[in-house]
Amino acid sequence: MKANLNHADDYIKLGLNIAYYRKLGGLTQLELAEAVNISRTHLSNIEAPNMPTSVSLDTLFEIAKALDIPVYKLLMFKD
């Protein structure tokens, strides 16, 4: 799902944080997507900086759980 353009920068930062912690944990997109029960394509869209994609809170919580990090870390955006 395309993101609200008013929050596009935040969705991009969120996706970059997810990619960062996924790589830090040594997971592929497919492995994380399967752990969260979403398609690899959807995860790829969430992580893509050129394609702001919204994510449900349930999915965000599941991603944090699969990455074994508190959800707030995914929402800590660096300027």
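(A) Inspection of the packing of helix H2 (residues 29-36) against helix H4 (residues 57-67) at higher detail. Packing of H2 against H4 leaves a shortest axis separation of 9 Å and a crossing angle of 120°. By the angle class used here, H2 and H4 are oblique. Note that H2 runs across H4; the crossing there is right-handed. Residue-level contacts link Leu32, Ala35 and Val36 of H2 to Thr59, Glu62, Ile63, Ala66 and Leu67 of H4. Of the residues assigned to the contact of H2 with H4, the class counts are 6 nonpolar, 1 polar and 1 charged.

(B) Up close: the packing of aromatic side chains. The full count for this structure, using the stated rule, is 1 aromatic pair. When the centroid spacing of 5.0 Å and the interplanar angle of 80° are considered together, the rings of tyrosine 20 and tyrosine 21 count as edge-to-face.

(C) Examining the packing of helix H1 (residues 8-24) against H4 more closely. Running from N to C, H1 and H4 cross one another at 20°; their axes reach a closest spacing of 10 Å. Judged by the inter-axis angle, H1 sits roughly parallel to H4. Along this stretch, H1 crosses H4, giving a crossing that reads as left-handed. Taken together, the residues of H4 that come into contact with H1 (itself represented by Leu14, Ile18, Tyr21 and Arg22) are Leu60, Ile63 and Leu67.

The rules behind each value
Residues numbered from 1 in each chain as written. Predicted model: local features only at pLDDT ≥ 70, side-chain atom pairs only at ≥ 80, totals over all residues. Heavy atoms only, no water. Axes fitted to C-alpha atoms, helices over the stretch in contact; angles between N-to-C directions. Helix = DSSP H or I, 4+ residues; strand = E, 2+ residues; numbered from the N terminus. Parallel < 35°, antiparallel > 145°, perpendicular 65-115°, else oblique. Left-handed = near helix turned anticlockwise from the far one by under 90°. Contact = heavy atoms within 4.5 Å. Nonpolar A, V, L, I, M, F, W, Y, C, P; charged D, E, K, R; others polar. Phe/Tyr/Trp six-rings, centres within 6.5 Å; stacked < 30°, edge-to-face > 60°.

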